Amino acid sequence: KQWYQRRVRVANPTESDLRKIVDTQVVLNAIETGNASKVAAFIGRLSKLVSNETSATCQKLVTALLASSYASCNPTHLTNELLVTLDFIKSEDKDFKPESDPEAMLQLLSYTATEAFFPVTSRKIVGAFVKKQASKLRNSAGIIERFEI
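Residues numbered from 1 in each chain as written. Predicted model: local features only at pLDDT ≥ 70, side-chain atom pairs only at ≥ 80, totals over all residues. Heavy atoms only, no water.

### Observations regarding the environment of Phe88
When you line up the elements, Phe88 lands in the loop between helix H6 (75–85) and helix H7 (102–112). Taking the relative accessible area as the measure of exposure, Phe88 reaches 13% and is therefore buried. Expressed as a C-alpha distance, the spacing of Phe88 and Phe129, which sit 41 residues apart in the sequence, is 6.9 Å. Contacts of Phe88, omitting those with residues within four sequence positions, involve Leu83, Leu106, Phe129, Val130 and Gln133. (Helix = DSSP H or I, 4+ residues; strand = E, 2+ residues; numbered from the N terminus. Buried < 20%, exposed > 50% of the residue type's maximum accessible area, 1.4 Å probe, protein only. Contact = heavy atoms within 4.5 Å.)

The following block contains the structure:
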C-alpha cells in the first residue's frame, strides 16, 4: 500500500513533491513511458507546477520522459497526444478536458525539441501548431525558434 501511495504521488506530484524528486528513474517507473496518453497527461500536469523553484526539475523530468517515450512509443501517436494535451487539437474522447498550462508545457517541450531523441517530424508538427497559436502565447518567438528546423 505504501508503494502504491508513493507511486500515485509521483504520478500526480505537487510542487512540494517535485522538490523531493532527485532521481528521474523514480518518475519513469511510476509513469508508463510506453503509453503516449499517460506521458502527455503527466507532462500536462507538470506544466501546471512550473515555477522558478521547480523549473529545472520539470525540464529534467520532461527530457527523461520524452527520451524514453519516443524510444518506446509510436512517435506520431505521442506527438498527437501532446497536441491534444496542449489543446491544439481535439481529443477523440468528447469528455476529455486537457489538464495543462499550454504555454508552460510548450516551454518544457521546447527545451527538448533540439535533442537527438526528439523526431524531426514531431518537431515540425508541433512547430506548425505553435506558429498557428502564436498570437495567444506570451513568449511565442523563443518557443517557435526552438521548434524550427
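### Notes on the packing of helix H4 (residues 36–47) against helix H5 (residues 55–72)
Direction vectors running N to C along H4 and H5 enclose 170 degrees, while the axes themselves pass 11 Å from each other. On the basis of the axis angle, H4 is roughly antiparallel to H5. In this structure, H4 contributes Val39, Phe42, Ile43 and Leu46 to the contact, and H5 contributes Cys58, Leu61, Val62, Leu65, Leu66 and Ser69. Looking at side-chain class alone, the contact of H4 with H5 contains nine nonpolar, one polar and no charged residues. (Axes fitted to C-alpha atoms, helices over the stretch in contact; angles between N-to-C directions. Parallel < 35°, antiparallel > 145°, perpendicular 65-115°, else oblique. Nonpolar A, V, L, I, M, F, W, Y, C, P; charged D, E, K, R; others polar.)

### As for the side chain of Arg123
For Arg123, the position within the fold is in helix H8 (residues 120–133). The buried charged residue Arg123 lacks any salt bridge partner; its closest oppositely charged side chain belongs to Glu148, at an N-O distance of 7.9 Å. When residues no more than four places from it in sequence are discounted, the contact partners of Arg123 are Ala113, Thr114, Phe118, Arg146, Phe147, Glu148 and Ile149. (Lys, Arg positive; Asp, Glu negative; His and termini not counted. Salt bridge = Lys/Arg side-chain N within 4 Å of Asp/Glu carboxyl O.)

### So, unusual backbone geometry
Phi angles above zero are rare outside glycine, and Asp87 is one such case at about 70 degrees. By the element assignment, Asp87 lies in the loop between H6 and H7.

### Regarding the pattern of salt bridges
Throughout the structure, instances matching the rule amount to five salt bridges. Residues Lys38 and Glu32 are paired through a salt bridge, measuring 2.6 Å at the closest nitrogen-oxygen approach. According to the relative accessible area criterion, Lys38 is partly exposed, its value standing at 39%. Here Lys90 ties to Asp87 by a salt bridge, and the two come within 3.7 Å at their closest N and O atoms. Assessed through its relative accessible area of 41%, Asp87 is described here as partly exposed.

### Let's talk about the packing of H7 against helix H9 (residues 140–147)
Viewed as axis vectors pointing N to C, H7 and H9 meet at an angle of 35 degrees, and their least axial separation amounts to 9 Å. Every pair of crossing elements has a handedness; the one defined by H7 and H9 is left-handed. Judged by residue contacts, Glu103, Leu106, Gln107, Leu109, Ser110 and Tyr111 of H7 engage Ile143, Arg146 and Phe147 from H9. Taken together, the residues of the contact of H7 with H9 sort by class into five nonpolar, two polar and two charged. (Left-handed = near helix turned anticlockwise from the far one by under 90°.)

### So, H5
Its 18 residues place the ends of H5 26 Å apart at the C-alpha level, agreeing with the 26 Å of an ideal helix rising 1.5 Å per residue. Here H5 has its buried residues at Thr57, Cys58, Leu61, Val62, Ala64, Leu65, Leu66, Ser69 and Tyr70. At its buried positions, H5 is contacted by helix H2 (15–20), helix H3 (24–30), H4, H6, H7 and H8. (Expected span 1.5 Å × (residues − 1).)

### Looking at the environment of Ala36
Turning to its location among the elements, Ala36 is positioned in helix H4. A relative accessible area of 3% places Ala36 in the buried class. Distance from Ala36 to Ser69, taken between C-alpha atoms, is 7.2 Å for residues 33 residues apart in sequence. Apart from the residues within four sequence positions on either side, Ala36 is in contact with Cys73, His77, Leu78 and Glu81.

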